Amino acid sequence: TIGDLIWIRVQGKGSFSVSPHLREFATRELGAGRVRFVLDLENCPGMDSTFMGTLLAISRKVAKSENGLFDVINANARNVQLMKNLGLDLVLSVDELGERWTQERREIDQLLTESVIVTYGKQETAAVMLDAHEELAAAQPENVARFRDVIHYLQEDLAPRTINDAD
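Everything numeric here is computed off the predicted structure, so don't read it as measured data.

1. Here's the deal with helix α1 (residues 19-31)
Then comes step 1: Its 13 residues give α1 an end-to-end C-alpha distance of 18 Å, which sits within 8% of 18 Å, the value for a rise of 1.5 Å per residue.
Then comes step 2: Taken together, the buried positions of α1 are Ser19, Pro20, Leu22, Ala26, Glu29 and Leu30.
Then comes step 3: For α1, the secondary structure elements touched by its buried residues are β1 (5-11), β2 (36-43), α2 (49-63) and α5 (122-139).
Then comes step 4: Where α1 ends, the next residue or the one after it, Gly33, has phi of about 90°, a positive value.

Following this line, the structure appears as structure tokens:
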């Protein structure tokens, strides 16, 4: 944290395996009344759709808060293009020119430390993946067709099983 600002730096690919961690952290911070976030993608070479849907869901929750802020910074050209392809640039605040948070950028390397790695089970990960893809489908009409099969598969995967299903 820097003052009331929560700085999140993604180390490695933004993927379905990182998304539960990000969602849990953001939910905890929002629950504690912290509503100003910077997502730093400096060390993130790429993102999958689950991760982008998770970003979208978090940014929508932040937007409902008074004085809420969710800025994406240091996105490489590939990540910017991925967000634009799904229409996320219309919803997310993406600093493509590197003009925001100049003082904080200098401070952050000293403040960030390695975090503890927590693993999530298949059901928890699938639930985050479903939520993320439903967010993406709701973001832009073209995304409904893109993610229809993934959403259907995840819904089936998460559906309760009965004894007859095993036959």
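2. Things to note about the sheet that holds strand β3 (residues 69-73)
Then comes step 1: A sheet is described by the order of its strands in space; here four strands give the open sequence β1-β2-β3-β4, paired in parallel fashion. The open sheet terminates on both sides in strands that have one partner only, identified here as β1 and β4 (93-95). The mean inter-strand angle of the sheet, taken between neighbouring strand axes irrespective of direction, is 25°.
Then comes step 2: Lying on the sheet, helix α4 (residues 102-111) is in contact with β1, β3 and β4; it crosses β1 at an angle near 65°.

3. Some remarks on the environment of Leu30
Then comes step 1: The residue Leu30 is located in helix α1 in this model.
Then comes step 2: As for Leu30 and Gly68, which are separated by 38 residues in sequence, their C-alpha atoms are 9.7 Å apart.

4. Considerations on the pattern of salt bridges
Then comes step 1: This structure, assessed with the given rule, holds 11 salt bridges.
Then comes step 2: Between Arg60 and Glu135 there is a salt bridge, and its shortest N-O distance comes to 2.7 Å. Residue Arg60 is found in helix α2, and its partner Glu135 is found in helix α5; the two are separated by 75 residues along the sequence.
Then comes step 3: For Arg60, a relative accessible area of 27% corresponds to the partly exposed category.

5. Side note on the pairing of β2
Then comes step 1: Where β1 lies against β2, six bridges are found, and the strand directions are parallel. Each residue of the ladder has a partner; that of Arg9, found in β2, is Asp40.
Then comes step 2: Remark: the β1/α1/β2 crossover connection has right-handed handedness.
Then comes step 3: Here five bridges tie β2 to β3, and the two strands are oriented parallel to one another.

6. Some points on the environment of Ala126
Then comes step 1: Relative to the elements of secondary structure, Ala126 occurs in helix α5.
Then comes step 2: Given a relative accessible area of 4%, Ala126 falls into the buried group.
Then comes step 3: Spatially, the C-alpha atom of Ala126 lies 9.7 Å from that of Thr50, the residues being 76 residues apart in sequence.
Then comes step 4: Apart from residues no more than four positions distant in its own chain, Ala126 is found in contact with Leu154, Asp157 and Leu158.

The rules we used
- For every chain, the first residue of the written sequence is number 1, and numbering continues from 1 along that sequence.
- Local features are withheld for residues below a pLDDT of 70 in this predicted model, meaning they are given only at 70 or higher, and side-chain atom pairs are given and counted only at 80 or more; totals for whole chains, interfaces and linings count all residues.
- Water and hydrogen atoms were dropped before computing side-chain values, which therefore reflect all heavy atoms in the structure.
- What counts as a helix is a DSSP run of H or I of at least four residues, what counts as a strand is a run of E of at least two, and both are numbered from the N terminus.
- Multiplying one less than the number of residues by 1.5 Å gives the expected span of a helix.
- Any residue under 20% of the maximum accessible area for its type is buried, any over 50% is exposed, and the rest in between are partly exposed; the area is computed with a 1.4 Å probe on protein chains only.
- We call two residues in contact whenever any of their non-hydrogen atoms come within 4.5 Å of each other.
- Any two strands with at least two DSSP-identified bridges between them are counted as paired.
- Note on method: axes are straight lines fitted to C-alpha atoms, helices fitted across the in-contact stretch only, with angles between N-to-C directions ranging 0 to 180 degrees.
- Any Lys or Arg side-chain nitrogen located within 4 Å of an Asp or Glu carboxyl oxygen qualifies as a salt bridge.
- Orienting the strands away from the viewer, one traces the path from the first strand over the helix to the second; a clockwise path indicates a right-handed crossover.

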